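Results of the structural survey
Spelled out from the first residue to the last, the chains are:
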Amino acid sequence: MKKFYALLPFLGLFLIACSDDDAPLTMTPTPDPVVYTSGSADFTKYVSVGNSLTAGFSDNALFTAGQEASFPNMLASNFALAGGGAFEIPLMADNLGGATINGQTDANMDGSPDIGNRLILQFTADGPAPTPKEGTGTTEITTKLSGPFNNMGIPGAKSYELLAPGYGSLAGLAVGAANPYFVRFSSAEDASVIGDAAAQAPSFFSLWAGSNDILLYATSGGSGTNQLDPTVSPALYARNDITNPLVLTGALDGMLQALTAGGANGVIANIPSVTDIPFFTTVPHNPVPLDEATAALLNGAYAAYNGGIVGAFAFLVGQSAISQENADLEIAKRTISFAAGDTNAVVLIDEDLTDLTGINAALINMRQATADDLMVLTSRSFIGTLANPADPTSINGVAIPLEDKWVLTPEEQTAVADALTAYNATILALATQYDLAFVDANALLAELKANGFPQADGSVVTSTFGTGGGFSLDGVHPAPRGYAILANAFVAAINEKYGSNLPGVNPLDYTGLYID
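Residues numbered from 1 in each chain as written. Predicted model: local features only at pLDDT ≥ 70, side-chain atom pairs only at ≥ 80, totals over all residues. Heavy atoms only, no water.

Attention now moves to the overall build of the chain. Within the chain, the secondary structure is distributed over 15 helices and 17 strands. Each principal axis of the C-alpha atoms in the chain carries an extent, and together these give about 105 × 80 × 50 Å. Look at the contacts in the chain between residues 6 or more apart in sequence, and 72% of them connect residues 24 or more apart. Carbon and sulfur atoms make up 58% of the accessible area of the chain, which amounts to about 23,400 Å² in all. If you average the places of the 17 positive and of the 50 negative side-chain charges in the chain, the two averages end up 8 Å apart. (Helix = DSSP H or I, 4+ residues; strand = E, 2+ residues; numbered from the N terminus. Contact = heavy atoms within 4.5 Å. Areas by Shrake-Rupley, 256 points an atom, 1.4 Å probe, with all protein chains shown as cover. Lys, Arg positive; Asp, Glu negative; His and termini not counted. Charge placed at Lys NZ, Arg CZ, Asp CG, Glu CD.)

This brings us to helix H11 (residues 292-318). With 27 residues, H11 ought to run about 39 Å at 1.5 Å a step, and its terminal C-alpha atoms sit 38 Å apart, in line with that. Taking the largest bend as the criterion, H11 deviates by roughly 45°, centred on tyrosine 302. Of the positions making up H11, those classed as buried are Ala295, Leu298, Tyr302, Tyr305, Asn306, Gly308, Ile309, Ala312, Phe313 and Leu316. In this fold, the buried residues of H11 make contact with strand S9 (288-290), helix H12 (324-334), strand S11 (347-349) and strand S12 (366-368). N-cap assignment for H11: the residue whose side-chain oxygen lies 3.3 Å from the backbone N of alanine 293 is aspartate 291. Following H11 by one or two positions, serine 320 adopts a phi angle in the positive range, close to 60°. (Expected span 1.5 Å × (residues − 1). Bend = angle between axes of the 7 residues up to and from the residue. Buried < 20%, exposed > 50% of the residue type's maximum accessible area, 1.4 Å probe, protein only. Polar contact = N/O pair within 3.5 Å; in protein donor to acceptor, adjacent residues only side chain to side chain.)

Turning to the sheet that holds strand S8 (residues 265-269), a few remarks are in order. Sheet architecture is open: 5 strands sit in the order S6-S1-S7-S8-S15, paired in parallel fashion. Looking at strand neighbours, the two that pair on one side only are strand S6 (151-153) and strand S15 (437-439), the edges of this open sheet. With direction set aside, neighbouring strand axes in the sheet form an average angle of 15°. Pairing analysis gives 3 bridges linking strand S1 (residues 46-50) to S6, with the strands arranged parallel. Within S6, the position partnered with glycine 50 by the bridge is glycine 153. Against the sheet, helix H4 (residues 71-79) makes contact with S1, S6 and strand S7 (204-208), and its axis sits at roughly 165° relative to S1, the strand it touches most. (Pairing = 2+ DSSP bridges. Axes fitted to C-alpha atoms, helices over the stretch in contact; angles between N-to-C directions.)

Within the fold, asparagine 117 resides in the loop between strand S2 (99-100) and strand S3 (119-124). Overall, asparagine 117 belongs to the buried group, its relative accessible area being 11%. Of the polar contacts made by the side chain of asparagine 117, one reaches the backbone oxygen of lysine 133; its length is 2.7 Å. Once you skip the residues sitting within four places of it in the chain, asparagine 117 turns out to touch Asn60, Ala61, Leu96, Gly97, Gly98, Pro132, Lys133, Glu134, Gly135 and Gly137.

Time to look at the environment of valine 47. Mapped onto the fold, valine 47 is located in strand S1. Measuring from C-alpha to C-alpha, the distance between valine 47 and glycine 475 comes to 27 Å, with 428 residues separating the pair along the chain. Apart from residues lying up to four places away in sequence, valine 47 is in contact with Asn150, Met152, Ala197, Gln200, Pro202, Phe204, Phe205 and Ser206.

This part covers the side chain of serine 472. Tracing the chain through its elements places serine 472 in the loop between strand S17 (460-461) and helix H15 (480-498). Owing to a relative accessible area of 2%, serine 472 belongs among the buried residues under this scheme. A distance of 2.9 Å separates a polar side-chain atom of serine 472 from the backbone nitrogen of aspartate 59. Here aspartate 474 takes part through its side chain, which lies 3.1 Å from a polar atom of the side chain of serine 472. With residues up to four places along the chain from it excluded, the contact list for serine 472 reads Ser58, Asp59, Phe465, His477, Pro478 and Ala479.

Here you go:
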């Protein structure tokens, strides 16, 4: 009897199954396969033009895996679904990223590798720190690759340099007139990047250029000149200068003329704000921990400076060289004070302060940082070190003010922001003029910083340094997952403009941080 009761559930299932035999079967139809189309665009021959962001640069280097995870390569994979052809990349020789020039790692003899290895996270007693990966890269710059190549992204290139004949010249490399990455695959000694790109007769192109025209000024802490005179030739610019907006306009227009000469369609992107990248948002202005005794010692050491500032401005007010109100504001700005605790502000040089050295040579342009200052990412490994290893009191950022290169001051940020506004207005106008798809990369990166991008697995990609998944360890260039988000923005703009139905890519298919 117990065995019968035990069989009842299975018997019930059997009877139900039998009764279902008489019911009509409902079949789920197999969905029709998606047919991807290019709309009015022609993806047969796609060429991408730009700088490191186009090349797939990340973790402070160009290396094979990063190049394969570039946003143009992601676009090409989508284009292949709708008639797109092969996409050739001038791959580096390995995943180190470092390179030699005539067998030398330091051909310019400045004490550091000309083209260094990529960064990895090294775990130290002070916590994880980005560190160049050990080893010697096997890429030799003078070994020519056989092109042409579809990815014409050249790390370090400014807008006007992409049009410069000889930018891939080996002879020009020795005098700073050429770019080592382009030297590897330029078609001739007098070739230009845009010339080699246009020679491929693209049917579709992407152009993302201009970021280095302000970025190099910003990442150097404003140690360059804001070139406000459009008549100054870029040949006279220093490396970290801000490109005049009219010069950039001419460069971008020249590139678009060349790329569209054969009737190609394309997509162009504007430039993100530097204040949205981890290179400027990671290191706080007040990272100095002090005990009460050390704070008192420092306050005593700076007392003469603080008193001298008050006296110097009293003199200037007496000479009617400055108003009392403005004098009081700068005295407050320049007064240096420390307290016991973990959040003391660093001391820095600010070239925009009133020069008082004519009154007193000891009153250099020095002040403490505020929340309005942007400390560069590389300052994190410099603040707190000793200027003189034999003198334990010579602490950089505390007893020794930081040089201008370690911080982007509000005045320097204004110069960058003004240039960015002008650049992006030009890019939008050119997108309209040439009837191109337009990607608002500036808004995209701002959203990444403000809210992040939720993913299908519940994670959120953000701009947080090291853990956010959006940026690589150099704090400037996206990680592969960040590049995927950018690629999807390009796809969306292309679909909207040309009526294509490309699917985009899944950012989760790409890493947010390389783990070695």
